[in-house]
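Here are the chains, one letter per residue:
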Amino acid sequence: MTSSTWLTGAAAGALLLALAGPALAQDVGMAGVAEARPDATRPGVLIYDPVFFADIQPRTALDMVERLPAFGIANGSSNTRGLAGTSGNVLINGRHPSNKSEGVDTLLERIPAESVDYIEVITGGAPGIDMQGRSVVANVVLRATVTVERVVGIDTYIYDDGYLGPILSAQYSRRAGDNLVEGAISATTDRTSGTSQGRRQRFSPSGALIQDAEVDSWDRYRNIRASGAIQRPQAGGLLRVNALVSLYDSDREQDVFILSGAGDDDVSQESNESLSGELGARWTRPLGDASELELTALQRLEQSEYQSGFIRTGRTGVFSGDTTEGESIGRVVVRQRRNDRWSWEGGGEVAYNFLDTDSAYEENGVPVALPGASVLVEELRGEVFGQTTWRPDPRLTVEGGLRVEASEIRQSGDTDTSKTLVYPKPRVLVTWTPAPNHQFRFRIEREIGQLDFDDFAASAEVDLGQVEAGNADLEPEKTTYYEAIYERRFWGEGSVTARLTHAVIEDYIDIIPLVGGFEALGNIGTGTQTEFEVRTTLPLDRLGVPGARLIARVAHRETEIEDPLTGETHRFSGDDGFGCGVTFTQDLDGGRWSWGGNHGCDMDAGTSYRIREVRFTDNEPQFNLFVQWKPTADLTLRVDAANLTDMEQWRQRDIYSGPRNTAPLAYRETYSQTRGSWLFLQIRKTL
């Protein structure tokens, strides 16, 4: 890590701090600006009443949560096995959602703003609140009154070539205290950034142009999704049951037209179909005045089929795969709040996961044996956990916890192996509020990554004509985090947050060589990551722009890992070391009109290291604008104009004749593409 790179990141962070400079000199907000009120009985809890959001005329709970200062919604991880640590950072009535396949933003969008009594922002933990390992969560507290909402949505993407990507949706909800019935259905057909036009060129090691080609990419996807939930008092407690089913399919094609140089035109195609479903239930029951029991069960299943093929100069390839996967989870938690200074919780979780896949590959009509072509992976996983929250002083909160995970992973099929893994995962979080509107948070935590079962099986990159083998010898990544955060709030909605995180990652996963000339994901050693980030939200009322706010972010990151082939140290694959973005919004006419825009440079740029090639990707920044109008309380119209700069995406591949540590460079390939601009029209009508 050099001093110059850190100076670059520090300078950008200092610029954001300077944006908030005038506000940081003052502690108290200005007259007429609604502010959060601290909870007198629970230090570290800020309460936002509906009046705080009045100037934007929120339609849903999602509109309100997105307006919270210094808070961004995290949906959690639906791909992580189990429930522990997978929930997002938003609770509803003090509880995390009992499903995994829907993000919390989707659930919040079904809750009308009129149903929200208030919203709490909790830092450092609070008695009776399951933080799920997060330092900050929001809790949406609902009214006990009866509310009924019926909403229809008609949305469509409008592309500059005239293509339309419609989305039709409908939802219904009825809330009466603890009784709830809700349902939603949506259907869409659209395309992604996979539809684009580009140019590909290949150069010899000396730099001479040896091939020039046009690349025309096309894709479409279709998705039908239905979900519902019912909640009722049951057996002295509260029972919630939710279900979801989703049908998805996609098609993609890439055509390469040779303009000059050696080679012939080629084409690649792929298709994917999947059917998935989820059924979950959660039952909570008080155990006396200060304790609570929570039981959760969840079942997920998915079946998918994948096919791909390519035709290029002197070579054809066909890859196919059928996969069935599932997850069964049972979880029990007991919580106790002894008093306003002490609370604790403990429990356990057991889960069974499996992935059964069969794949085949052939070149020029001849079958090719792949490691991991036929795989059944099964995991029996258990976890016990306990944590306590202690407030020795109203300004200080200490949260300590320990989770111990044990799992047995068995693989059968092409390879019969099994391994038993046991990992402790301790965590300590200290939150200190030395003065109103000033807060420090310190975290030390040990996290264990989960192995992706798909990495045990073979896969294909059809557009590049490459096949990747499966690897049964993967070990999960183990990461130790050291983190310090300073947060300053001002002017009601204003905030500035500075975060410094250092992580040591053992058994880092990247590409390794396998016997037989294949490559696969594997463990390559221990790496480090250090990141400094500054975020600020600056209300502009005092600066003469009423109802406006500026949100900015800048981050500098240093990563180091030893290359498994060359032994040299470089950044993590895909890491560009820098990220930034700025958003401006303004609410007019009491929230009936809103407009704004955002500009981001936090793209997926960086260098990736494979066995026979090195890939570099980069993107131009994207600029977007939006206008929203609420002509009536039950109708919202919004138009987003996206990618107005018609950003260009680049990819460079240095391809070697063999392993890049011993073989010479064969050729260099550059590829650039543009997707074009598009509009997104949204119409929301409450019936």
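Residues numbered from 1 in each chain as written. Predicted model: local features only at pLDDT ≥ 70, side-chain atom pairs only at ≥ 80, totals over all residues. Heavy atoms only, no water.

Chemist: I'm lost on the overall build of the chain in this one. Help?
Modeler: Across its full length, the chain holds four helices and 38 strands. For the chain, the proportion of contacts with a sequence separation of at least 24, taken over those separated by at least 6, is 65%. Total accessible area computed for the chain in this model is approximately 30100 Å², and 56% of it derives from carbon and sulfur atoms. (Helix = DSSP H or I, 4+ residues; strand = E, 2+ residues; numbered from the N terminus. Contact = heavy atoms within 4.5 Å. Areas by Shrake-Rupley, 256 points an atom, 1.4 Å probe, with all protein chains shown as cover.)

Chemist: What is the right way to look at the nonpolar core in this model?
Modeler: Note on soluble globular proteins: their nonpolar side chains tend to be buried together. Among the nonpolar cores identified, the biggest contains 23 residues, and Phe53, Val65, Leu68, Leu108, Val116, Ile119 and Val140 are the most heavily contacted of them. If you list the elements that add at least two residues to this core, you get helix 3 (61-65), strand 3 (90-92), helix 4 (104-109), strand 4 (116-123) and strand 5 (136-142). Look past the residues within four positions of Val65 in its chain and what remains in contact with it is Phe71, Ile73, Val90, Leu108, Ile119 and Val140. (Core = buried A, V, L, I, M, F, W, Y, C linked by side-chain atoms within 4.5 Å. Buried < 20%, exposed > 50% of the residue type's maximum accessible area, 1.4 Å probe, protein only.)

Chemist: What should I look at first to understand a nonpolar patch on the surface in this one?
Modeler: Side chains of Leu588, Trp593, Trp595, Leu625, Val627, Trp629 and Leu644 sit close together on the surface and give an oily, nonpolar patch of about 570 Å² of accessible area. Elements that contribute at least two residues to the nonpolar patch include exactly strand 31 (593-600) and strand 34 (622-632). (Patch = residues over 30% accessible without salt bridge, like charges linked within 9 Å, V, L, I, M, F, W, Y side chains within 5 Å. Salt bridge = Lys/Arg side-chain N within 4 Å of Asp/Glu carboxyl O.)

Chemist: Sorry, what's going on with the sheet that holds strand 5 here?
Modeler: Pairing between the strands of a sheet comes from backbone hydrogen bonds, and it takes one of two forms, parallel or antiparallel. Judged by pairing direction, the sheet is mixed, and its five strands sit side by side in the order 1-2-4-5-3 without closing on themselves. Strand pairing shows two members of the sheet lacking a second neighbour, strand 1 (37-38) and strand 3, which therefore form its edges. The sheet contact formed by strand 1 and strand 2 (residues 45-48) spans two bridges and is antiparallel. Residue Arg37 lies in a different strand from strand 2, and its bridge partner there is Ile47. (Pairing = 2+ DSSP bridges.)

Chemist: Looking at this structure, I do not really get the side chain of Arg282. What am I missing?
Modeler: With respect to the helices, strands and loops of the structure, Arg282 is situated in strand 12 (residues 266-286). Look at Arg282: it is buried, it has no salt bridge, and the nearest opposite charge is Glu294 at 4.8 Å. (Lys, Arg positive; Asp, Glu negative; His and termini not counted.)

Chemist: Got a minute to help me understand a negative patch on the surface in this structure?
Modeler: A cluster of acidic residues, Glu273, Glu305, Asp322, Asp356 and Asp358, forms a negative patch on the protein surface. Considering the arrangement of structural elements, one finds Asp358 in strand 15 (residues 342-363). What makes Asp358 partly exposed here is its relative accessible area of 43%. (Charge placed at Lys NZ, Arg CZ, Asp CG, Glu CD.)

Chemist: How should the pairing of strand 11 (residues 237-261) be read in this particular structure?
Modeler: The two faces of the sheet receive side chains in turn, since in a regular strand these alternate between them. Alignment of strand 10 (residues 209-234) against strand 11, held across 24 bridges, turns out to be antiparallel. Paired with Val215 across the two strands is Val256, which belongs to strand 11. Where strand 10 folds back on strand 11, the antiparallel hairpin that results is connected by two residues, among which Ala235 adopts a positive phi of roughly 55°. Looking at chain direction, strand 11 and strand 12 are connected through 19 bridges and run antiparallel. Its bridge partner being in strand 12, Val241 is matched across the sheet by Ala281. Here strand 11 folds back onto strand 12 in antiparallel fashion, the turn holding four residues, of which Gly263 has a positive phi close to 105°.

Chemist: Just to check I follow, could you spell out the pattern of salt bridges for this structure?
Modeler: Once the charged atoms of two side chains with opposite charge are near each other, the side chains can pair. One pass over the structure, following the stated rule, counts 62 salt bridges. Its salt-bridge partner being Glu292, residue Arg335 comes within 3.1 Å of it at the nearest N-O pair. In this pair, Arg335 is assigned in strand 14 (residues 315-337) and Glu292 in strand 13 (residues 291-312), connecting sequence segments 43 residues apart. Across the pair, Glu292 and Arg335 agree in class, each one buried.

Chemist: Help me understand the pairing of strand 28 (residues 548-562), please; the structure alone is not making it clear to me.
Modeler: Where burial is concerned, most of strand 28 is hidden: 11 out of the 15 residues are buried. Judged from the nine bridges that link them, strand 28 and strand 30 (residues 578-588) form a sheet pairing that is antiparallel. Residue pairing for strand 30: Leu550 is matched across the bridge by Phe584. As judged from the two bridges shared by strand 28 and strand 29 (residues 569-570), these two strands associate in the antiparallel manner. Bridged to Ile561 within strand 29 is His570.

Chemist: How should unusual backbone geometry be read in this particular structure?
Modeler: Leaving glycine aside, a negative phi is the common case for residues, and trans is the common case for peptide bonds. Positioned with a positive phi, Gln57 is a non-glycine residue whose angle comes to about 45°. Within the secondary structure layout, Gln57 lies in the loop between strand 2 and helix 3. Owing to a relative accessible area of 33%, Gln57 belongs among the partly exposed residues under this scheme. At Asp589, a residue that is not glycine, the phi angle is positive and equals roughly 55°. One can find Asp589 in the loop between strand 30 and strand 31.

Chemist: Would you mind showing me how to read the confidence of the model for the chain here?
Modeler: Low pLDDT marks stretches whose predicted atomic positions should not be read closely. Residue-level pLDDT values for the chain average 85, and 88% of them are 70 or greater. Confidence drops under pLDDT 50 across residues 1-10; counting only partners more than four residues distant or on other chains, this segment forms 13 contacts. Here residues 25-32 is a poorly scored stretch, pLDDT under 50, and it has 15 contacts once near neighbours within four places are set aside; other chains count. (pLDDT = per-residue confidence, 0-100.)

Chemist: Explain the environment of Gln622 here, please?
Modeler: By secondary structure assignment, the location of Gln622 is in strand 34. With 26 residues separating them along the chain, Gln622 and Glu648 place their C-alpha atoms 9.2 Å apart. A distance of 3.2 Å separates polar atoms of two side chains, one belonging to Gln622 and the other to Asn624. (Polar contact = N/O pair within 3.5 Å; in protein donor to acceptor, adjacent residues only side chain to side chain.)

Chemist: Would you mind going over the packing of aromatic side chains with me for this structure?
Modeler: The geometry of an aromatic ring pair is captured by the separation of the ring centres together with the interplanar angle, meaning the angle of the planes. Inspection of every chain in the model, using the stated rule, returns 17 aromatic pairs. Each residue in the set Tyr157, Tyr159, Tyr163, Trp678 and Phe680 is aromatic and connected to the rest through ring pairs, giving one cluster. One Lys or Arg, Arg191, reaches over the ring of Tyr159 and ends 4.0 Å from the middle of that ring. Looking at Arg675, its charged tip hangs above the ring of Trp678, at a distance of 4.2 Å from the centre. (Phe/Tyr/Trp six-rings, centres within 6.5 Å; stacked < 30°, edge-to-face > 60°. Lys NZ or Arg CZ within 6 Å of the ring centre and 35° of its normal.)

Chemist: Explain the environment of Asn523 to me, please; I cannot follow it from the model alone.
Modeler: Tracing the backbone shows Asn523 in strand 26 (residues 519-523). Look at Asn523 and you get partly exposed, because its relative accessible area is 24%. On a C-alpha basis, the gap between Asn523 and Glu475 in space is 6.7 Å, while along the polypeptide they are 48 residues apart. Residues in contact with Asn523, not counting those within four places in the same chain, are Asp473, Leu474, Glu475, Asp507, Tyr508, Ile509 and Ile512. Of the polar contacts made by the side chain of Asn523, one reaches the backbone nitrogen of Glu475; its length is 2.8 Å. Here the side chain of Asn523 touches Asp507 through a polar contact of 2.9 Å, landing on its backbone oxygen.

Chemist: Just to check I follow, could you spell out the environment of Glu114 for this structure?
Modeler: Here Glu114 shows up in the loop between helix 4 and strand 4. On the accessibility criterion, Glu114 (57% relative accessible area) is exposed.

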